[in-house]
Amino acid sequence: MTRHARPRSGWWHLRWGDVGRAVLAVLGAALGLQIASWLVPEFDIKGPGRTIAAAIAIAVVGAVLRPLLVRLAVLVGWVGAVLLGLFGQGIVVWLVAWDFSGEQHNPPFLAAFAASWVVSAVSTAFVWVATAGTDDAVTASLLRRGRRARPPDLTDPDVPGVVFIQADGVPYPVLEWGVRAGTLPTLSRWIRSGSHRMAEWRPKLPATTPASQMGILHGTIEGIPAFRWVDRPTGKVFVANKPADAAVIEAQHTDGRGLLVDDGVSVSNLFTGDAPTAYATMSAVHRTRETKHARVALSTFLARPEGLARSMSRTVSEVARERFQAARATRRDVRPRVERGWGFAGERAAVSGVLRDLNTTLVADSMLQGRRVIYVDYVDYDAVAHHAGLMQPESLAALEGIDAVIAQLEQVATVSPRRYHFVVLSDHGQSQGEVFASRYGEDLAALVRRLTDSDVAAEEENAEATGALNSMIASTSGTDTVLGRALGRASDRISAGRLESSPPDGTAPAPVPAEEDGADRCLVFGSGNLGLVYVAGEKSRLTLDDLTAHFPALVPGLVAHPGVGFVVVDTADHGPVVLGPGGEHRVREGVVVGEDPLAGFGPEAPAFVLRAATMAEAPDIYVNSLVDDLGEVAAFEGLVGCHGGLGGWQDRAMIMWPVALPAPPRPMVVGADALHRVLVGWLEHLGHRRDLTAAEPARPVPDASRPRA
């Protein structure tokens, strides 16, 4: 096997860097032991000489004992890996303290366990300050593994690999500003040196991760109308980031020839891209649990001082930073703003701490194995910008953290058995604005409830997307439009006594057919600034006539609300029609009556709406918020930064690729499915996917049930 030569100067530089970091780590551990002796009852290392000797002993014993503990953890399974991360360093400190405590007996294990966390925190802080806040310790650890590992026996070492790094939710303008300002040093260096190019690409409606990742990884964006939706044949709700639902969604869409099918690895994604190996991937959680190599990689990461202990200490500091920044935003009355509680502080700390390091370790491990193609999703920026805003310092710091990770992986590539190209992309952009409920005093679910005088179930998600869906107020339209004529027919039926209504009864939020209990019910979902309204229990999409028969005030009330940019309904005569306060756009026919409600949403808006509105999974009503004079939108979730609908930067995604690969078509790639074809073309250009033939049958997909969310 031919292995790429490594520059000798770089090798010696890294060796001396390792020695320097080892010295810093020992000094940090010694300081940590001394502090632990002051803070932890029944733990005492007496004297500076003993403290330094104990720190050296901890490093030596840890280096010897840790591989044995890793093997034991792998045999036990994932529980063992977690226990190793929590208690491994405590065992090392407990054994060493026997000889250096100056006592005739070991300190209690709990005391040693507490001391180990003090040592790890102080040592991490010491090395971080001494290395100017870089991630050199983690990088050095990964490089040591690459140098010491036995090279894999690759059959095609001359075929370059590709690492796709998804910086979730980063709009192209934010990337461009970061590159120009130099605040993203790795990406800026690539562009300024001419090794890479960057461009904008446009995701179609809905601009959300499930649709975009399905398109990028599997080549289709059909059948995914938002982040969550109703499957009418079963009456059940799909939520894309629930493992069981993600598995069913992928099974329905894959043809077995996804982006990662050729020796690929999926890390921390919603879908696998048909990768043979999937780590922390939502649609294949069971595969990660069953993979021994994943347990080895995770156990090794958790066992090392720069693994769990370092990540946990950084997690604690991130919580403190978030609480300070949230309080500062409130004190300064930053607008737009949402309440940022402890739940989000924990989420931000996790994605910027342990999860970021773990994902990086899994990607690096896959590179050291020489895997052909790797796709990883870093959600740091997306999660923080949702709550803080697109350009706030904490959001940009999260993006800078992803840039630092890319620099680490770039160094890992120097010791990998295969040469790697790096492609950085986002699955969508983000838009910003005051939350709809904050602007107008009620959310979408409350408004729909008021306009329909019926029971409304609003689907809520997790701490990031609290599911506080929003609602608004109503009036009527003119009689020279499709909406006006439908209202006239509904008025006739009302006067004939052919409509019945019932007040909300507080029953559980489940899609119960109206004919079973005599009460019409609505399901209201929010996906950024895109709202979805379903009439529960219906097996097919209702037309405008049907909707006005059920709820005559609903559609005109939504259309007239100042926070609504447009409403999309189906009609018997014209197909999907976009309604606005001053006119309508019959998107199938390309006919505009009065003022075009899509005029402020870009030239591609009619085509985007037509595609989304004609899929079988489309709701009875799409509601898209306004886009104001600042280009800001109003999310139907409790988020400052959002994506899912139209307006703002949410459909302005980015991609950065090496010049060695053919440039994407100009002027712009439109649609994640089109981007998939570009990425597949790059892999084929490099010599991947040669064993796949056009006649190859699709891989059988699992027969998965459709669980209710």
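Remember, predicted model here, so these are calculated numbers, not experimental data.

Glancing now at the overall build of the protein. Along the protein, the regular secondary structure elements total 24 helices and 20 strands. Put simply, of all contacts in the protein between residues at least 6 apart along the chain, 74% involve residues at least 24 apart.

What follows concerns the sheet that holds strand β12 (residues 530-535). Two orientations exist for strands paired in a sheet by backbone hydrogen bonds: parallel and antiparallel. Reading across the sheet, the eight strands line up as β10-β11-β12-β17-β13-β14-β15-β16 and stay open at both edges, with mixed pairing between neighbours. Only two strands of the sheet have a single neighbouring strand rather than two, namely β10 (455-458) and β16 (591-594). Ignoring strand direction, the axes of neighbouring strands in this sheet form an average angle of 20 degrees. Along the sheet, helix α23 (residues 605-614) makes contact with β13 (564-571), β14 (575-580), β15 (583-586) and β17 (621-625), crossing β14 at roughly 125 degrees.

Our next topic: the packing of helix α13 (residues 342-352) against helix α15 (residues 380-388). The contact between α13 and α15 brings their axes to 9 Å, and the two run at 160 degrees. The angle between the axes of α13 and α15 places the two elements in the roughly antiparallel class. Crossing angle aside, the handedness with which α13 passes α15 is left-handed. Contact residues: Phe-344, Glu-347, Arg-348, Val-351 and Ser-352 in α13; Asp-380, Ala-383, Val-384 and His-387 in α15. Classifying every residue of the contact of α13 with α15 by side-chain character gives four nonpolar, two polar and three charged.

Those residues of helix α7 (residues 185-193) that sit buried are Thr-186, Leu-187, Ser-188 and Trp-190. Tucked inside the fold, the buried residues of α7 contact α6 (172-181), β2 (196-202), α16 (393-412), β8 (420-425) and β19 (653-658). Positive backbone phi, approximately 85 degrees, marks Gly-194, located one or two places after α7.

The subject of this paragraph is the pattern of salt bridges. Pairs may arise between side chains of opposite charge once their charged atoms sit close together. Counted under the stated rule, the structure contains 25 salt bridges. One salt bridge connects Asp-262 with Arg-372, and the closest N-O pair in it is separated by 2.5 Å. Of the two residues, Asp-262 sits in the loop between α9 (243-253) and β5 (264-267) while Arg-372 sits in the loop between α14 (354-368) and β7 (373-378), which places them 110 residues apart along the sequence. In this pair, the class of Asp-262 matches that of Arg-372, namely buried. Arg-340 is the salt-bridge partner of Glu-322, the closest N and O atoms lying 2.8 Å from each other. Of this pair, Glu-322 sits in helix α12 (residues 305-332) while Arg-340 sits in the loop between α12 and α13, placing them 18 residues apart in sequence. For Glu-322, a relative accessible area of 0% translates into the label buried. A relative accessible area of 6% means that Arg-340 is categorised as buried. Residues participating in the shared-partner salt-bridge network are Glu-318, Arg-321, Glu-322, Arg-340, Arg-348 and Glu-394.

Attention now moves to the pairing of β17. Most of β17 sits out of view: five of its five residues are buried. Note: β12 against β17, four bridges, orientation antiparallel. Across the sheet, residue Gly-531 finds its bridge partner in β17, namely Val-623. In this structure, β13 lies alongside β17, joined through four bridges in antiparallel fashion. Each bridged residue has a counterpart across the sheet, and for Val-568 the counterpart in β17 is Tyr-622.

A few words on unusual backbone geometry. Look at the link from Arg-335 to Pro-336: it is a cis peptide, with omega at -5 degrees. Pro-667 follows Arg-666 through a cis peptide bond whose omega is 0 degrees. Along the chain, Pro-667 falls in the loop between β19 and β20 (669-670). Phi is positive for Ser-268, close to 65 degrees, though the residue is something other than glycine. Relative to the assigned elements, Ser-268 resides in the loop between β5 and β6 (277-279).

Our focus in this paragraph is the packing of aromatic side chains. Here the structure, examined in full by the defined rule, presents nine aromatic pairs. On the numbers, 5.0 Å between centres and 90 degrees between planes, the contact of Phe-566 with Phe-601 is edge-to-face. With Phe-566 in strand β13 and Phe-601 in the loop between β16 and α23, the pair connects residues that are 35 residues apart, well separated along the chain. Residues Phe-566 and Phe-601 agree in their burial class; the two are buried. Within the aromatic cluster, the residues linked to one another by ring pairs are Phe-436, Tyr-440 and Phe-636. The lysine or arginine in question, Arg-323, covers the ring of Trp-342, its NZ or CZ lying 4.7 Å from the ring centre.

With that settled, the discussion passes to the environment of Leu-447. Its location among the elements puts Leu-447 in helix α18 (residues 444-452). When the C-alpha positions of Leu-447 and His-561 are compared, they lie 9.9 Å apart, and in sequence the two are 114 residues distant.

Close inspection of predicted coordinates is inappropriate in any region flagged by low pLDDT. For the protein, mean pLDDT is 79; residues scoring 70 or higher make up 71% of the total. Segment residues 460-479: pLDDT under 50, and 86 contacts once partners within four positions in sequence are set aside and those in other chains are kept. In this model residues 695-709 is a low-confidence stretch, pLDDT under 50, and it forms 32 contacts with partners more than four residues away in sequence or in other chains.

To continue, consider the packing of α7 against α16. Put simply, α7 and α16 touch, their axes get as near as 7 Å, and they point 65 degrees apart. Judged by the angle between their axes, α7 and α16 are roughly perpendicular. Contact residues: Pro-185, Thr-186, Leu-187, Arg-189 and Trp-190 in α7; Asp-403, Ile-406, Ala-407 and Glu-410 in α16. Its residues placed into classes, the contact of α7 with α16 shows five nonpolar, one polar and three charged.

Each value, and the rule that gives it
Residues numbered from 1 in each chain as written. Predicted model: local features only at pLDDT ≥ 70, side-chain atom pairs only at ≥ 80, totals over all residues. Heavy atoms only, no water. Helix = DSSP H or I, 4+ residues; strand = E, 2+ residues; numbered from the N terminus. Contact = heavy atoms within 4.5 Å. Pairing = 2+ DSSP bridges. Axes fitted to C-alpha atoms, helices over the stretch in contact; angles between N-to-C directions. Parallel < 35°, antiparallel > 145°, perpendicular 65-115°, else oblique. Left-handed = near helix turned anticlockwise from the far one by under 90°. Nonpolar A, V, L, I, M, F, W, Y, C, P; charged D, E, K, R; others polar. Buried < 20%, exposed > 50% of the residue type's maximum accessible area, 1.4 Å probe, protein only. Salt bridge = Lys/Arg side-chain N within 4 Å of Asp/Glu carboxyl O. Phe/Tyr/Trp six-rings, centres within 6.5 Å; stacked < 30°, edge-to-face > 60°. Lys NZ or Arg CZ within 6 Å of the ring centre and 35° of its normal. pLDDT = per-residue confidence, 0-100.

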